[in-house]
Amino acid sequence: GGTAAPLVPARATLPALRRAAAGCTACPLWERGTQTVFGAGRTRATVMLVGEQPGNDEDRAGEPFVGPAGRLLDRALAAAGLDRRDAYVTNAVKHFKWEPRGKRRIHQKPNAAEVRACLPWLEAEIAAVRPRALVCLGATAAQALLGRGFRLTERRGQPVPSPLAEVVIATLHPSAVLRAPDDAARREALAGLVADLARVAELLR
Ligand code: URA
């Protein structure tokens, strides 16, 4: 399998990383994606949020979490007393993986080889930002950073001892809230996401 590692610049500032990642062909996903969607946010952000991969809207905009999942994330952050503008937001995989269904582009989960190929970008972002808190949104991000054996359902919302940051936590992906089967399930999932983010805010105080 490929890896982005040889593409990571030696002086890995965020602008240098973003420029280098724009030309990444380390896994086959670049062929279908419109563009690399690199992380966005403050260089010295206290909190880094890591999603799975850009979605349809992010692929077109070139920015992470700007579609429906992003709006839900903004609401959840605000409810938890955190501000997206003070955070750095990125994804485990930086190209949109999709399959055509009629005229629509249907999201597909990245596989382990794609996550592995892309990991050097995420590691370089963490090293450049050095956030106090690292929040994995969903199992893909959690397994990329905490190991393939990480079980989100068992350990969500619990701080994980890790050399990656002072506070490392995994929680639901905002898309999981949007996919909940009914209103009650959606409210419960959102409350869980907000509670986990509020825990992060509390641990940072
Ligand atoms: N879902 C993600 O995981 N990341 C995005 O940027 C958008 C939707």
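Residues numbered from 1 in each chain as written. Predicted model: local features only at pLDDT ≥ 70, side-chain atom pairs only at ≥ 80, totals over all residues.

### Re the site of the ligand
Part 1: In the vicinity of the ligand there are 13 residues, among which Gly-51, Glu-52, Gly-55, Pro-64 and Ala-69 approach most closely.
Part 2: Among the residues making up the shell around the ligand, the classes are represented as four nonpolar, seven polar and two charged. (Near = placed C-beta within 6 Å. Nonpolar A, V, L, I, M, F, W, Y, C, P; charged D, E, K, R; others polar.)

### Let's talk about the packing of helix α1 (residues 14-22) against helix α4 (residues 112-129)
Part 1: Where α1 contacts α4, the axes come no closer than 10 Å and their chain directions differ by 170 degrees. Judged by the inter-axis angle, α1 sits roughly antiparallel to α4. Crossing angle aside, the handedness with which α1 passes α4 is left-handed. Here Leu-14, Leu-17 and Ala-21 of α1 come into contact with α4, specifically with Trp-121, Ala-124, Glu-125 and Ala-128.
Part 2: Here the contact of α1 with α4 is built from residues that sort into six nonpolar, no polar and one charged. (Axes fitted to C-alpha atoms, helices over the stretch in contact; angles between N-to-C directions. Helix = DSSP H or I, 4+ residues; strand = E, 2+ residues; numbered from the N terminus. Parallel < 35°, antiparallel > 145°, perpendicular 65-115°, else oblique. Left-handed = near helix turned anticlockwise from the far one by under 90°. Contact = placed C-beta atoms within 7 Å.)

### Re the pairing of strand β6 (residues 133-137)
The two faces of the sheet receive side chains in turn, since in a regular strand these alternate between them.
Part 1: Where burial is concerned, most of β6 is hidden: five out of the five residues are buried.
Part 2: By the alternation rule, side chains of β6 split into Ala-133, Val-135 and Leu-137 and Leu-134 and Cys-136, which are all buried.
Part 3: Across four bridges, strand β2 (residues 47-51) lies against β6 in parallel orientation. When the bridges of β6 are listed, Val-47 appears paired with Ala-133. (Buried ≥ 20, exposed ≤ 12 C-beta atoms within 10 Å, placed from the backbone. Pairing = 2+ DSSP bridges.)

### Section: the sheet that holds strand β1 (residues 40-41)
Part 1: Reading across the sheet, the five strands line up as β1-β3-β2-β6-β7 and stay open at both edges, with mixed pairing between neighbours. Edge positions in the sheet fall to β1 and β7 (167-171), since each has one partner strand and no second.
Part 2: Across the sheet, helix α5 (residues 139-146) lies against β2, β6 and β7, angled at about 130 degrees from β6, the strand it touches most.

### Side note on the UniProt feature "domain: Uracil-DNA glycosylase-like" (unreviewed entry) in the protein
Part 1: When the UniProt feature table is mapped to this numbering, "domain: Uracil-DNA glycosylase-like" (unreviewed entry) covers residues 38-198.
Part 2: End-to-end, the C-alpha atoms of residues 38-198 are 26 Å apart, and along that stretch the chain is 43% helix and 19% strand. (UniProt positions renumbered as here; feature names shortened; annotations may be inferred.)

### Points about the confidence of the model for the protein
Part 1: Summing up the model confidence of the protein, the mean pLDDT is 97 and the portion of residues at 70 or higher is 100%.
Part 2: Here the predicted complex scores 0.98 on pTM and 0.93 on ipTM. (pLDDT = per-residue confidence, 0-100.)

### Comments concerning the pairing of strand β3 (residues 87-91)
Part 1: Counting buried positions along β3 yields five of five residues, so the element is predominantly enclosed.
Part 2: Where burial is concerned, the two faces of β3 agree: the one with Ala-87, Val-89 and Asn-91 and the one with Tyr-88 and Thr-90 are both buried.
Part 3: The pairing of β1 with β3 spans two bridges and is antiparallel. Bridge pairing links Gly-41 to Tyr-88 in β3.
Part 4: Where β2 lies against β3, five bridges are found, and the strand directions are parallel. Each bridged residue has a counterpart across the sheet, and for Met-48 the counterpart in β3 is Tyr-88.

### Considering α5
Part 1: Counting buried residues in α5 gives seven out of eight residues, a clear majority hidden from the surface.
Part 2: Buried within α5 we find Ala-139, Thr-140, Ala-141, Ala-142, Ala-144, Leu-145 and Leu-146.
Part 3: Contacts from the buried residues of α5 go to β2, α4, β6, α6 (152-155) and β7.
Part 4: Following α5 by one or two positions, Gly-147 has its phi on the positive side, about 105 degrees.

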